[in-house]
Amino acid sequence: MLAEDSVLLREGLVGLLARFGHEVVAAVGDARALTEAVPEYAPDLVVTDVRMPPGFQDEGLRAALALRAADPRLPVLVLSQYVQRAYAAELLDTGDGTGVGYLLKDRVGQVEQFAEAVERVAAGGTVVDSEVVRQLLRRRRDPLEALTPREREVLGLVAEGKSNGAIARELVVTEAAVGKHIGNILGKLELPPAEDTHRRVLAVLAYLRG
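Residues numbered from 1 in each chain as written. Predicted model: local features only at pLDDT ≥ 70, side-chain atom pairs only at ≥ 80, totals over all residues. Heavy atoms only, no water.

Per an unreviewed UniProt entry, the protein chain goes by the name Response regulator and belongs to Streptomyces lutosisoli.

If you want it as C-alpha cells, here you go:
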C-alpha cells in the first residue's frame, strides 16, 4: 500500500513497484485514507511519505506509528524529503525494530537501491538511509543551516508574528504552501509535536539566535 500526496510521485511509485513485481493494492493521498485502507486491504508492506495533508507536517509518520502500534508485524517503509533524526529514531523504536525503513526520497531515483529496500523491509528487515546515519553522527553547529532560502524567509515572517494567511499573501503563494514550508522548518529544527511547547515560538527563538 502506498501513501503519497503528490499525484505525479504516487503514480510514478506505483509504476516502479509494479516493474519489480509488486502489486499496489491501494494508493492514497493522505494519512486518514491510509489508516482506513490498511485494515481493508491487509497489505504486506506500507510505503508512506512523512508529510501529507491536511497539515503537511508529520501525518504520514504518525499514521505509520499508529499502524505499527496496532500491528507490530506490519512492515513500514517511510519516505522523507530530508533527514529527521527524531522521527527516524521513533520509527525504529516501534515493535522490535524489524520490518521498518527510513529512506530519503532522493533514493527513489536510485531505482535498484529503492527496490532492494522495499524487498528487505517487506521481508522483515530494517533499512536506514546512509544519510540518516551520517547525520546522526554529526553535530550540527547552526540549527538554521539546513533551511532553504525560502524557508528562512518564511521563518523570518513567522518571527514578525504573521499568520500563515498573511505570509501567503506577502509571498504570493497558497496558504497550503506556507503550511508545508513551516512543517519543513519545524522538522529540520527537530521540533516534533509536544503538548507542553509551542513549536512556532521555539522556531522563532532558533531564528533569532541564528
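Undergrad: Explain the pairing of strand β5 (residues 100–104) here, please?
TA: Put simply, side chains in a regular strand alternate between the two faces of the sheet. Across the five residues that make up β5, a large majority, five, are buried. Neither face of β5 is exposed, since V100, Y102 and L104 on one face and G101 and L103 on the opposite face are all buried. Bridge count for strand β4 (residues 76–80) against β5 is five bridges, and the pairing is parallel. Within β5, the residue paired with S80 across the bridge is L104. (Buried < 20%, exposed > 50% of the residue type's maximum accessible area, 1.4 Å probe, protein only. Helix = DSSP H or I, 4+ residues; strand = E, 2+ residues; numbered from the N terminus. Pairing = 2+ DSSP bridges.)

Undergrad: Is there a simple way to explain the sheet that holds strand β2 (residues 27–28) in this structure?
TA: Adjacent strands of a sheet pair through backbone hydrogen bonds, lying either parallel or antiparallel. Within the open sheet, the six strands sit side by side as β2-β1-β3-β4-β5-β6. Their pairing is parallel. Either end of the sheet is taken by a strand with one partner, and the two such strands are β2 and β6 (126–128). Inspection of the sheet shows strand β1 (residues 2–3) paired to β2 by two bridges, in the parallel sense. By the bridge assignment, L2 is partnered in β2 with A27. Seen against the sheet, helix α5 (residues 111–122) touches β4, β5 and β6 and runs at an angle of roughly 145° to β4. (Contact = heavy atoms within 4.5 Å. Axes fitted to C-alpha atoms, helices over the stretch in contact; angles between N-to-C directions.)

Undergrad: What's the story with the packing of helix α7 (residues 149–159) against helix α9 (residues 175–188) in this structure? I'm lost.
TA: For any two helices packed against each other, the geometry comes down to the angle between their axes and how far apart the axes lie. Following both chains from N to C, one finds α7 and α9 inclined at 95°, their axes separated by 10 Å at the closest point. When the axes of α7 and α9 are compared, the pair comes out roughly perpendicular. Between α7 and α9, the contacting residues are R150, E151, V154, L155 and V158 on the first element and H181, I182, N184, I185 and K188 on the second. Among the residues forming the contact of α7 with α9, the class breakdown is five nonpolar, two polar and three charged. (Parallel < 35°, antiparallel > 145°, perpendicular 65-115°, else oblique. Nonpolar A, V, L, I, M, F, W, Y, C, P; charged D, E, K, R; others polar.)

Undergrad: Even after reading the chapter, I still don't get the UniProt feature "modified residue: 4-aspartylphosphate" (unreviewed entry) in the protein chain, so can you show me in this structure?
TA: Under the present numbering, the feature "modified residue: 4-aspartylphosphate" (unreviewed entry) in UniProt falls on D49. With respect to the helices and strands, the residue D49 is situated in strand β3 (residues 46–49). The residues contacting D49, other than those within four sequence positions of it, are A3, E4, D5, G60, L61, L79, S80 and K105. (UniProt positions renumbered as here; feature names shortened; annotations may be inferred.)

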